[in-house]
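Breakdown of the fold
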Amino acid sequence: MNSSLKEISQEIKNAKSIAIFTHKNPDLDAFGSSLALYYACKQLGKDVDVFLKDDINERNLKLIGENPYKNDFTGKDYDLMISTDISSPELLGDFADIFCNGRRKIVLDHHSSDSLKGDLTYRKPNYSSCSEVVNSLIKTMKIDFTEKIASLIFIGLTGDTNSFVNTNVNAGSFYTAYKCVKANADITNINEIVYKTKTKKDIELEKYLLNNFKLEGDIAYCLVTLKTLEDFNAVKDDCGFYSSELLSMDGVNISFSIIEQSPNFYSVSLRGKYGYNVRDIATKFGGGGHINAAGIKKGANDINEFKDQIINEAKRQRMSKWSWMGLY
């Protein structure tokens, strides 16, 4: 059951020290929501730290400007811990036990899963990004909506909507974007970095995708081994566009990429067109996300066997849906 933004706002105002966490392997919404909240708490005069174990690539560093994230937990006894854009404890990575054992916890999220519990929770699955959730909280706290905070909210919003083309977009998404633009968010620079700038590595990875994707019916996929990443001097995030790019192909309704992050441990990004639920596929393998955009983190002995399991699950769920509708 959701707490009210008023309750959460008061909890933050009562706390002297605050620790903020977002999910491992962060996307733009993770950056936008956690950092916007960090700067909002700084504005309130709080002793606040924001934690993230992962390295941040050059492109994302350009987006967020300064990097206030701490890689290691300081051991400080914080009055309050807040998570942003996290649907399950596993996504906290090395910080899972620290957060779950915190003295007082707030969960801010926009995923439908509720396996991460807080003393106070504000979860809005109808919001297109967690940055919108944070935006609503900042409005409730009556904090100055600075250019920096507006830019971070817009970064998270544009990232999780893929520049407002994903099916999770609604009127609220555009209204939040309007408020960001009105507050002088640096959308020109954000759009330049996210959508209009490509490195030589980006072009090489696009070439790899075009030469190595596979089709099975209306399902498109690409496999990326650890050796491939090493050959391109790349990391998982550099291939983050693969599943979205494949979904844009005419006739493709479901797409995914499997990327080996460490030996026999894989990151899967799934995308589905309107009417295709990839979240249910991800859930089958311990993952989660949204109906049209989901992910999996999983160990497997063989990348091709794992790929076949995902394809078979996609086909099984489709058959079940068609049978229920009387079409099979």
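Here is a short report on the structure shown in this document. (Residues numbered from 1 in each chain as written. Predicted model: local features only at pLDDT ≥ 70, side-chain atom pairs only at ≥ 80, totals over all residues. Heavy atoms only, no water.)

What follows deals with the side chain of Lys307. Note that Lys307 resides in helix H13 (residues 303-324). A residue is classified by how much of its surface remains accessible, and Lys307, at 10% relative accessible area, is buried. Polar side-chain contacts of Lys307 include one of 2.9 Å to the side chain of Asp308. Contact partners of Lys307, with chain neighbours within four places excluded, come to Tyr221, Leu223, Phe256 and Ile258. (Helix = DSSP H or I, 4+ residues; strand = E, 2+ residues; numbered from the N terminus. Buried < 20%, exposed > 50% of the residue type's maximum accessible area, 1.4 Å probe, protein only. Polar contact = N/O pair within 3.5 Å; in protein donor to acceptor, adjacent residues only side chain to side chain. Contact = heavy atoms within 4.5 Å.)

Within a sheet, each strand pairs with its neighbour through backbone hydrogen bonds, oriented either parallel or antiparallel. Pairing within the open sheet is parallel, and its five strands lie in the order E2-E1-E3-E4-E5. Because the sheet does not close on itself, it has two edges, and the strands there are strand E2 (47-51) and strand E5 (120-123). With strand direction ignored, the average angle separating the axes of adjacent strands in the sheet is 15°. When strand E1 (residues 17-22) meets E2, the two strands line up parallel, connected through five bridges. In the strand pairing of E2, Ser17 is matched with Asp47. Against the sheet, helix H1 (residues 5-14) engages E1, strand E3 (80-84), strand E4 (105-109) and E5, with an angle of about 130° to E5. Lying over the sheet, helix H5 (residues 130-140) contacts E3, E4 and E5, oriented at roughly 125° with respect to E4. (Pairing = 2+ DSSP bridges. Axes fitted to C-alpha atoms, helices over the stretch in contact; angles between N-to-C directions.)

In short, geometric facts, not functional conclusions.
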